[in-house]
Amino acid sequence: MEKKAILILLVLTLSLISGQEPKKFETLKAPYRIHTLFSVECQNYFDWQTVGLMHSYRKAQQPGPITRLLSCTDEERKNYRGMELAPTFEVPSMSRHPKTGDWYPAINKPAGVVHWLKYSKEAQNIDWVVILDADMIIRGPIVPWEIGAEKGRPVSAYYGYLVGCDNVLAKLHTKHPELCDKVGGLLAMHIDDLRALAPLWLSKTEEVREDKAHWATNYTGDIYGTGWISEMYGYSFGAAEVGLRHKINDNLMIYPGYIPREGVEPILMHYGLPFNVGNWSFSKLEHHNDDIVYNCNRLFLEPPYPREIAQMEPDRNKRRALFLNIECINTLNEGLLLQHAAFGCPKPKWSKYLSFLKSKTFAELSRPKPLTSQSRQMMEVGIHKEVDNEPEKPHPKIHTIFSTECSPYFDWQTVGLVHSFYKSGQPGNITRLLSCTEEDLRQYKGHDLAPTHYVPSMSRHPLTGDWYPAINKPAAVLHWMNHVKTDAEYIVILDADMIMRGPITPWEFNAARGHPVSTPYDYLIGCDNVLAKLHTRHPEACDKVGGVIIMHVDDLRKFALQWLHKTVEVRLDRSHWSKNITGDVYEAGWISEMYGYSFGAAELNLRHVISGEILIYPGYVPAPGVKYRVFHYGLEYRVGNWSFDKANWRHVDLVNKCWAKFPDPPDPSSLDQSDNDSLQRDLLSIECATTLNEALRIHHERRKCPDPNSISTTNQDTANETRTNAETRANDDESRTNAETRTNDDESRTNAETRTNDDETRTNDDETRIDAETRTDAETRTSAEARMAVETTTSRKFGKVDNDAQGLRRDDVPKNNSQQSSQPDMSNGTFSSMRFWIMALWAVSIFAFLGVMSVMLKGRKGLKKRGKGYKSKRRTSYSGFWDTNGQDNRHIRSAETA
C-alpha cells in the first residue's frame, strides 16, 4: 500500500509540475468502453518497455483501463520480479510450440489475445480494443471512433513491406487474398471484430510459420528470410479470412528517426528501429538483457537538449523529427525515475538532466498531443492488382567477415566493429576470423567478443619464415571458405579498424557474379607498371581497390587461393618493393597483401564496380550529399587540439579493464560553423570516436563492471598518494645526503647503530622513485613503439599521404590524445650527465666515510658492518638509472594504461 501511495503521489506531483490537472476519467459506458492491450514476456527486455509504455499511457491520458498480457513459462514465473509494473493478465507461454516444438516467441501475441478473450472477465464488458506493442510511447489519446474505426472497419498503421499480400503467399493462406491489408503496429477495432479475428490470427500465424518453403525474402519481404514476421502475416490473412477491411492510416504512428509529414502530429511512437541525434543514438536491441528497471536511478544515456537541436538542424521538419527522437527517450527515462521511486530507491543526486526532466520546458514538449485534421487522413486503398505467379527476385543473403589476431589491439577494434554492425542494420550475420598461434590462443581472453571462426596463424610463414601478419587476412578467408558451409550468396569483407554507419548491400551497389564491389585505393600504382606485368597475366584487369569488398560467394571460392598465392609472390619479390614501383613510402613490402588482392582478382578477370560512396577516412572532407557507410580509421585524424591515432593504442587493453575508453572528442556544439566543409569533416570524425567509446561502454556494461564513480574515486586517491610520495622524496633525499656526509664521531656511531632502519626507509623511498622513473621510461618506450606502429600501419593502408600527415608521423614523441601537448622526455645526454655527477658524489661520500670509520672503529666486526651498509646503499641508489631497461611488463602496462 505504501508503494502504491508513493507512486500516486509522484504521478500527481508530475502532473502539477507539468501544469496539467490530473484527468478525471468519467466512467466509460456502452458503447464507448475502451480497453488497451499489449503483450510481453517475463524478461528484463520487456520490463523496461512496459515501464515506458505505462508511463506514457498515464501521461497521454489514454481513456479506459490497460492490461498487460504476460506470457511466462513456469520456470520464468518463479523468478520474475515485475508483477507490479502494470495491470497484468497472465497467459500460458507458447514461445515453444506445444505440438511442433518450434521456438517462436512472437506467437504469444495472438495466443495471449485468444486466452484473454476466453478467460478474462474484463473482456465481457468492453466495446473497443486498442492493441499496441510494448516498444511504443503514447503521445496522445487513442480513441477508436475519433481516429475513424467502425464495426467491421478497424484502423491500423501501414506496413508496406508485407509484400506477401500481393503474391502467392496470400493465395496459399487465405481464400480472400484480395482483402489482405498490409497493416500492423497500431490496431483499433470493435470487440466483436476481435472475437471473430483472434482464433484465425493464431491459426494463420501457425500456418505461415510452418510454411518454410515460402520464408524467402521475395515472398515475405523479410530480409532475413527466417519467418520472424509470420505473426504479422497471421494477422493480415486472418483479417482477410473474416472479411475485415482496414482503414489504413500512415500518420498516427511514427518510428523515431523518421521525418513527420507537414502538419501531422503523430500520437504514437514505435521505437522498433535504431535512431540517433547527432552522435547520440539508441537501439532497443542493445538493451536486450538490461535490468535497468531494477537498478536504482540508472537511466538510458541522456540525449541532446532541445536547445542543442535547435542549433544543430536548420530545416524545420527535420528538426521536428529530432525533437520526437529525444521525446521518446526522455519519456522512457522519466518513467524509469518514477518506477525507481515506487520501488523505494533513494532520491537520485541532482543533475542537469534530472532538472530538465522535471522542468516546465519538458512538460510543455511532452504534453498530450491532440489529433490534427492531417493526422486523421486515411490512405486510399485500391483493389489489389493481379497476384503475380512469379514474384520478384528476392534480395540475396549476405554474410560479413573480418580478420583479426589474438591481441588487445584487435580486441577493441572488434568491439567497435561488431557494435556498429548491429547498429547499422546490416543484413545477415557477421563472423570474426581469428588468427592465433597455439600459445596465444591458450592465453587469449576475448573469445566472446564476436561470432568467431578460428584459423591457424601465418604471421610467421611456415615455409619462408617471413614475419608478415597481414597475410593472415587472405589465409583466414581461404580457411573459412574451405571449412564453413554458408548459404549466403554474397560475402562482405571488412577490416577490423572500421565502423559501419549503414548497410552495405550488393543490390544497392550493383555487385554481381564476376563483378565484385570495392572502394578506390589509388595509391596502388603497381597496377600501372612492371609490378602488374610480373605478377599477373592480365595486368590490364588490375583494379586499384581495397578496404570494403562485396563479392559473390562463387567468385570468392575461386579467388581466395589466388589472393593468398599472389600475396606470397609480391612479398618475396623484394627487388620491387621500392616506392616508385609499389607506392609504399616505407618500401617495406607491407602492402603486399593489397597487391595480392588486386593481382589475384586480375588473374581471374574479376572487374570491380568501384564506388567512392561506401568508405571515408575520418579527417577527410566528405563529398556533399554522400551517405558513407563505413569509417576506416586507419590514419591519424584530429579535431582542433584533440586527435586520435589507433597505433597509439596498440598495446592498451581497453576491453578487459573496466570502463577504459578513448579520450572523448570535442562536443559538436563547440565546432566552428563558418566553414561547412570543415564542419562536416569534424562531425564525421567525432561520430567515429564517439561510436568507439559507445561500443566500449556497452561492452563494459555487459561485463557487469562496477560503478565507474567508485573506480574514479580510487584512482584519484592513488594519484594523490603518488603526488604526496613525490613531494616527500625530495626532503628524504636531502636528509639522507646530510646524514651520509657527517664527519662527527657521535653522528657516525649513531649512523652505524640505526643503519638497518635507514636502509628500510631508503628502500621504500627508492622504490617510489624507481616507480616514477620507470613510468617515465615506459612512456618513452611506448612512444617509440607507437611511432613504429604508425609507420607500419600507414605503409599498409596508404602508400602515400599528404604532407601534413607525414609531418605528424615525424614527431619524435606521439601526442597524447587527451591533451594539447606532451611532456618532453629527457635526452640520453641528460641521463649520462646525471649519472656522472651522482657517481662522483657517491665516490667522494664513500671515501670520506671510509676514512672516518677507519679511524673511529676498530676490529673486524665494525669493518664487516661497514661493507654491508656500503653495498646496500650502492645497490639502491643506482637502480633508478641502471635498471630502467630491465623493467618488467607490469610497469609498461601501467604506463600505457595511464
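What you see as residue numbers is a count from 1 along each chain, following the sequence as written. For a predicted model such as this one, the threshold for reporting local features is a pLDDT of at least 70, and the threshold for listing and counting side-chain atom pairs is 80 or more; totals across whole chains, interfaces and linings nevertheless cover every residue. Water and hydrogen atoms play no part in the side-chain values, which are based on all heavy atoms of the structure.

Per an unreviewed UniProt entry, the recorded name for the chain is Peptidyl serine alpha-galactosyltransferase, and the organism is Nicotiana tabacum. UniProt positions are given in the numbering used here, feature names are shortened, and annotations may be inferred rather than shown by experiment. Database annotation for the chain, UniProt heading Subcellular location (unreviewed entry): "Membrane".

Draft legend 1. Broad picture of the packing of helix α13 (residues 408-424) against helix α21 (residues 676-702). At their nearest, the axes of α13 and α21 sit 8 Å apart, and the two run at 95° to each other. In terms of orientation, α13 and α21 fall into the roughly perpendicular class. Here Trp412, Val415, Gly416, His419, Ser420 and Lys423 of α13 lie close against α21, whose contacting residues are Thr691, Leu692, Glu694, Ala695, Leu696, Ile698 and His699. Per-class residue counts for the contact of α13 with α21 are six nonpolar, five polar and two charged. Axis lines are fitted to C-alpha atoms, over the contacting stretch for helices. Their N-to-C directions set the angle, which ranges from 0 to 180 degrees. Strands are runs of DSSP state E lasting at least 2 residues, helices are runs of H or I lasting at least 4, and numbering of each runs from the N terminus. Put simply, angles under 35 degrees are roughly parallel, angles over 145 are roughly antiparallel, angles from 65 to 115 are roughly perpendicular, and the rest are oblique. We call two residues contacting when some pair of their heavy atoms lies within 4.5 Å. Here the nonpolar group is Ala, Val, Leu, Ile, Met, Phe, Trp, Tyr, Cys and Pro; Asp, Glu, Lys and Arg are the charged ones; every other residue, Gly included, is treated as polar.

Draft legend 2. Looking closely at the sheet that holds strand β13 (residues 398-405). Here the rule is simple: two strands pair whenever DSSP picks up at least two bridges between them. Across the sheet, which stays open at both edges, the seven strands sit in the order β15-β14-β13-β16-β19-β18-β20 with mixed pairing between neighbours. Each end of this open sheet is capped by a strand with a single partner; those strands are β15 (452-456) and β20 (609-610). When strand β18 (residues 517-520) meets β20, the two strands line up parallel, connected through two bridges. In the strand pairing of β20, Val517 is matched with Val609. Set on the sheet, helix α18 (residues 553-572) makes contact with β16 (490-495) and β19 (545-552); between it and β19 the angle comes to about 135°.

Draft legend 3. Region of interest: the environment of Gln426. Turning to its location among the elements, Gln426 is positioned in the loop between α13 and β14 (429-436). Any pair of nitrogen or oxygen atoms within 3.5 Å is treated as a polar contact; in protein, a donor-acceptor pairing is required on top of that, and neighbouring residues in sequence qualify only through side-chain atoms on both sides. A distance of 3.4 Å separates polar atoms of two side chains, one belonging to Gln426 and the other to Thr400. There is a polar contact of 2.6 Å between the side chain of Gln426 and the backbone nitrogen of Ile504.

Draft legend 4. Examining the pairing of β16 more closely. Counting buried positions over the six residues of β16 gives six, a clear majority of the element. Each residue gets one of three labels from its accessible area relative to the maximum for its type: buried under 20%, exposed over 50%, partly exposed in between, using a 1.4 Å probe on protein chains only. Both faces of β16 are covered, namely the face carrying Tyr490, Val492 and Leu494 and the face carrying Ile491, Ile493 and Asp495. Bridging between β13 and β16 involves six bridges; their strand directions are parallel. Bridged to Ser403 within β16 is Asp495. With four bridges joining them, β16 and β19 adopt antiparallel strand pairing. Following the sheet pairing, Ile493 is matched in β19 by Ile549.

Draft legend 5. Structural context of the packing of aromatic side chains. Pairs were defined over the aromatic rings of Phe, Tyr and Trp, the Trp ring being its six-membered one, requiring ring centres within 6.5 Å. Orientation was assigned from the angle between planes: stacked under 30 degrees, edge-to-face over 60, tilted for the rest. Tallied over the entire structure, the rule returns 38 aromatic pairs. Here the aromatic rings of Tyr45 and Phe46 are separated by 5.3 Å at their centres, their planes lie at 70°, and the arrangement is edge-to-face. As far as burial versus exposure is concerned, Tyr45 and Phe46 are alike and both buried. For the ring pair Phe275 and Phe282, a centre distance of 5.7 Å and an interplane angle of 50° mean the geometry is tilted. By relative accessible area, Phe275 is classed as buried at 3%. Judged by its relative accessible area of 4%, Phe282 is buried. Taken together, the ring pairs connect Tyr409, Phe410, Trp412, Tyr633, Tyr637, Trp642, Phe644, Trp649 and Phe662 into an aromatic cluster.

Draft legend 6. Quick look at the side chain of Thr50. One can find Thr50 in helix α2 (residues 44-59). Exposure remark for Thr50: the relative accessible area of 0% places this residue in the buried category.

Draft legend 7. Inspection of the nonpolar core at higher detail. Core analysis: the largest hydrophobic core is formed by 76 residues, its most contacted members being Trp48, Leu132, Ile142 and Phe282. For the purposes of this description, domain bounds are those given by an automatic or database domain assignment. For this core, the domains that each give at least three residues are domain 1 (34-254) and domain 2 (273-373). Leave out the neighbours within four places in its chain, and Trp48 touches Tyr271, Phe282, Lys284, His287, Asp290, Ile292, Val293, Phe300 and Leu332. Core analysis: the next-biggest nonpolar cluster, separate from the first, contains 72 residues, Cys406, Tyr409, Leu434 and Ala541 among them. Think of a nonpolar core as a cluster: buried Ala, Val, Leu, Ile, Met, Phe, Trp, Tyr and Cys residues, connected wherever their side-chain atoms sit within 4.5 Å.

Draft legend 8. Here's a closer look at the pattern of salt bridges. A carboxyl oxygen of Asp or Glu within 4 Å of a side-chain nitrogen of Lys or Arg is what we treat as a salt bridge. Under the criterion given, the structure shown has 38 salt bridges. A salt bridge links Arg298 to Asp290; the shortest N-O distance between them is 2.1 Å. According to the relative accessible area criterion, Arg298 is partly exposed, its value standing at 23%. With a shortest N-O distance of 2.6 Å, Asp495 and Lys473 are connected by a salt bridge. Separated by 22 residues along the polypeptide, Asp495 in strand β16 and Lys473 in helix α15 (residues 472-483) bring together distant segments of the chain. Its relative accessible area of 7% is what places Asp495 among the buried residues.

Draft legend 9. Geometry of the environment of Thr567. Structurally, the position occupied by Thr567 is in helix α18. Sequence separation between Thr567 and Ile471 is 96 residues, and the spatial gap between their C-alpha atoms is 7.0 Å. If near-sequence neighbours (up to four positions away) are discounted, Thr567 is found in contact with Tyr468, Ile471, Pro474, Ser592, Glu593 and Gly596.

Draft legend 10. Spotlight on the environment of Val568. Topologically, Val568 is positioned in helix α18. Considered as a pair, Val568 and Glu593 are 25 residues apart in the sequence and their alpha carbons are 8.0 Å apart. Contacts of Val568, omitting those with residues within four sequence positions, involve His461 and Ile471.

Draft legend 11. The side chain of His214, seen in detail. Looking at the secondary structure, you find His214 in the loop between α6 (191-210) and α7 (217-220). Polar contacts involving the side chain of His214 include one to the side chain of Asp211, which spans 3.0 Å. Setting aside residues up to four positions removed in sequence, His214 forms contacts with Val168, Leu169, Leu172, Tyr219 and Thr220.

Draft legend 12. Summary view of the sheet that holds strand β22 (residues 630-632). The three strands are arranged β17-β22-β21 in an open sheet whose pairing can be described as mixed. Each of the sheet's edge strands pairs with one partner strand only, and the pair in question is β17 (498-500) and β21 (615-616). Here two bridges tie β21 to β22, and the two strands are oriented parallel to one another. In the strand pairing of β22, Leu615 is matched with Val630.

Draft legend 13. Local environment of helix α8 (residues 230-241). Expected helix span is computed as 1.5 Å times (number of residues minus one). Taking 1.5 Å per residue, 12 residues should reach 16 Å; α8 reaches 16 Å between its end C-alpha atoms and fits that length. The element α8 is extensively covered by neighbouring structure, given that 11 of its 12 residues are classed as buried. Looking at α8, one finds that the buried residues are Ser230, Glu231, Tyr233, Gly234, Tyr235, Ser236, Phe237, Gly238, Ala239, Ala240 and Glu241. Buried residues along α8 sit against α4 (108-119), α5 (168-173), β7 (183-190), α6 and α7. One or two residues past the end of α8 sits Gly243, with phi positive at roughly 80°.

Draft legend 14. Local environment of the state of the cysteines. Criterion for a disulfide: a pair of cysteine sulfur atoms at a distance within 2.5 Å. Inspection of the entire model under this criterion finds six disulfides. Paired by a disulfide, Cys165 and Cys180 hold their sulfur atoms 1.9 Å apart. On the S-S bond that ties Cys165 to Cys180, the torsion sits near -45°, and the link is left-handed. Of this pair, Cys165 sits in the loop between β6 (155-158) and α5 while Cys180 sits in the loop between α5 and β7; the two residues are 15 residues apart in sequence, bridging distant segments of the chain. When its relative accessible area of 1% is taken as the criterion, Cys165 is described as buried. A relative accessible area of 0% means that Cys180 is categorised as buried. The disulfide partner of Cys527 is Cys542, and the gap between their sulfur atoms is 1.9 Å. Its torsion about the S-S bond being -40°, the disulfide of Cys527 and Cys542 is classed as left-handed. Here the residue Cys527 occupies a position in the loop between β18 and α17 (530-535), and Cys542 occupies one in the loop between α17 and β19, the gap between them amounting to 15 residues. Summarising the burial analysis for this pair, Cys527 and Cys542 share the class buried.

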